[in-house]
Amino acid sequence: MDSFEFNKIAGAVLGALLFLMGIGIFSDAIFHRAPPKTAAYNLPAEEAAPAAAAAAGPSVPLPELLAKADAKRGETLSKPCAACHTFEKGGADKIGPHLYGVVARPIASASGFAYSDALKGKGGEWSYAALDQFIANPRGYANGTKMAYGGEKDPARRADILAYLRSKADTPAPLPAP
Ligand code: HEC
């Protein structure tokens, strides 16, 4: 084997090695994946429980919510109610009774409005607490009510709505003492 032939063989071997290294680097570049930052599966409970508790939140008493409530925000939040109710003085009954002065008004007392037996059977007047329960879950408060409204689940938003209802009166009813 002369040196020329040796060089050819050595060259071929080197070339093959370089080629293999090249493939290694190249395929790394194509197939490299960063390890996932989060596991693809969820670990059970431990983390979910406190989150759920936080969502439910510590329940703030209604008088405190009312003290912080804002009638202007309440007006915006009451837009869905306006599909069925008027809020202005002398407003007509629509699908629902007019709501001017509804805070502290006797329940089911808008003359001429055909209330459900569920609401007529309640008795008493609309306290803030009663309105709060009714708006949170109309059917929960008066099973059989004609008010086809799903309910506002957020207590702070309900307080804003109550503040708006309160403002719609000749003399706004006093707020409950904290
Ligand atoms: C789809 C129509 C509809 C929507 C929306 C609606 N209501 Fe009513 N509402 C009614 C009807 C109908 C009644 C009468 C219920 C009955 O007789 O059982 C009523 C009754 C009431 C009463 C009792 C009034 C009284 O004279 O005793 C209050 C308070 C009230 N609604 C507030 C609200 C508020 C606040 C909202 C919005 C957050 C709202 N409603 C949304 C239809 C509606």
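Going by the structure above, here's the rest.
Keep in mind it's a predicted model, so treat the numbers as computed, not measured.

Engineer: For the overall build of the protein, give the residues involved together with the corresponding values.
Structural biologist: In terms of regular secondary structure, the protein is built from 8 helices and 0 strands. Taking the contacts inside the protein whose residues are at least 6 apart along the sequence as the reference set, 45% of them involve residues at least 24 apart. As displayed, the protein offers around 12100 Å² of accessible surface, 63% of which is attributable to carbon and sulfur atoms.

Engineer: Before we move on, could you go through the coordination of the iron atom of the ligand and cite the residues and values that matter?
Structural biologist: For the iron atom of the ligand, every protein donor is listed as His-85 (NE2) and Met-147 (SD), and the spread of their distances is 1.9 to 2.1 Å. Of note is the iron atom of the ligand, whose 6 donor atoms meet at the metal with angles of 86 to 178° in an arrangement that counts as octahedral. Separated by 62 residues along the polypeptide, His-85 in the loop between α4 (71-77) and α5 (117-120) and Met-147 in the loop between α7 (138-141) and α8 (155-167) bring together distant segments of the chain.

Engineer: So what about helix α6 (residues 128-136)? Which residues, and what values?
Structural biologist: By the criterion of burial, α6 is predominantly enclosed, with 7 of the 9 residues buried. On its buried face, α6 sits against α3 (62-68), α5, α7 and α8.

Engineer: Describe the packing of α6 against α8, listing the residues and the values that go with them.
Structural biologist: Contact pair α6 / α8: the axes reach a minimum separation of 10 Å and the direction vectors enclose 125°. For the element pair α6 / α8, the angle class is oblique. For the crossing formed where α6 meets α8, the hand is right-handed. Across from Tyr-128, Leu-131, Asp-132, Ile-135 and Ala-136 in α6, the residues of α8 making contact are Arg-158, Ile-161, Leu-162, Leu-165 and Arg-166. Classifying every residue of the contact of α6 with α8 by side-chain character gives 7 nonpolar, no polar and 3 charged.

Engineer: Describe the nonpolar core, naming the residues involved and giving the relevant values.
Structural biologist: Ranked by internal contacts, the top residues of the largest apolar core, which has 30 residues, are Val-103, Leu-119, Trp-126, Tyr-128, Tyr-141, Leu-162 and Leu-165. Mapped onto this core, the elements with two or more residues apiece are α3, α6 and α8. Once you skip the residues sitting within four places of it in the chain, Leu-162 turns out to touch Leu-62, Leu-66, Tyr-128, Leu-131, Asp-132 and Ile-135.

Engineer: Describe the packing of aromatic side chains, naming the residues involved and giving the relevant values.
Structural biologist: Throughout the structure, instances matching the rule amount to 5 aromatic pairs. An aromatic cluster of at least three residues, connected via ring pairs, comprises Trp-126, Phe-134 and Tyr-141. The ring of Tyr-141 has Lys-122 sitting right over it, with the charged end atom 4.1 Å from the ring centre.

Engineer: Run through the side chain of Thr-86, naming residues and quoting values.
Structural biologist: The residue Thr-86 is located in the loop between α4 and α5 in this model. A distance of 2.7 Å separates a polar side-chain atom of Thr-86 from the backbone oxygen of Ala-92.

Engineer: Describe in detail the site of the ligand, supporting the description with residues and values.
Structural biologist: The immediate surroundings of the ligand are formed by 26 residues, with Cys-81, Cys-84, His-85, Ser-116 and Met-147 found nearest. The separation between an oxygen atom of the ligand and a polar side-chain atom of Trp-126 is 2.7 Å. Here the shell around the ligand takes 3 residues from α6, the largest share from any one element. Residue composition of the shell around the ligand, grouped by class: 20 nonpolar, 4 polar and 2 charged.

What counts, and where the lines are drawn
Residues numbered from 1 in each chain as written. Predicted model: local features only at pLDDT ≥ 70, side-chain atom pairs only at ≥ 80, totals over all residues. Heavy atoms only, no water. Helix = DSSP H or I, 4+ residues; strand = E, 2+ residues; numbered from the N terminus. Contact = heavy atoms within 4.5 Å. Areas by Shrake-Rupley, 256 points an atom, 1.4 Å probe, with all protein chains shown as cover. Donors = N, O, S within 2.8 Å, 3.2 Å for Na, K, Ca; no water. Tetrahedral: all angles 85-135°; square planar, octahedral: opposite > 155°, others 65-115°. Buried < 20%, exposed > 50% of the residue type's maximum accessible area, 1.4 Å probe, protein only. Axes fitted to C-alpha atoms, helices over the stretch in contact; angles between N-to-C directions. Parallel < 35°, antiparallel > 145°, perpendicular 65-115°, else oblique. Left-handed = near helix turned anticlockwise from the far one by under 90°. Nonpolar A, V, L, I, M, F, W, Y, C, P; charged D, E, K, R; others polar. Core = buried A, V, L, I, M, F, W, Y, C linked by side-chain atoms within 4.5 Å. Phe/Tyr/Trp six-rings, centres within 6.5 Å; stacked < 30°, edge-to-face > 60°. Lys NZ or Arg CZ within 6 Å of the ring centre and 35° of its normal. Polar contact = N/O pair within 3.5 Å; in protein donor to acceptor, adjacent residues only side chain to side chain. Near = heavy atom within 4 Å.

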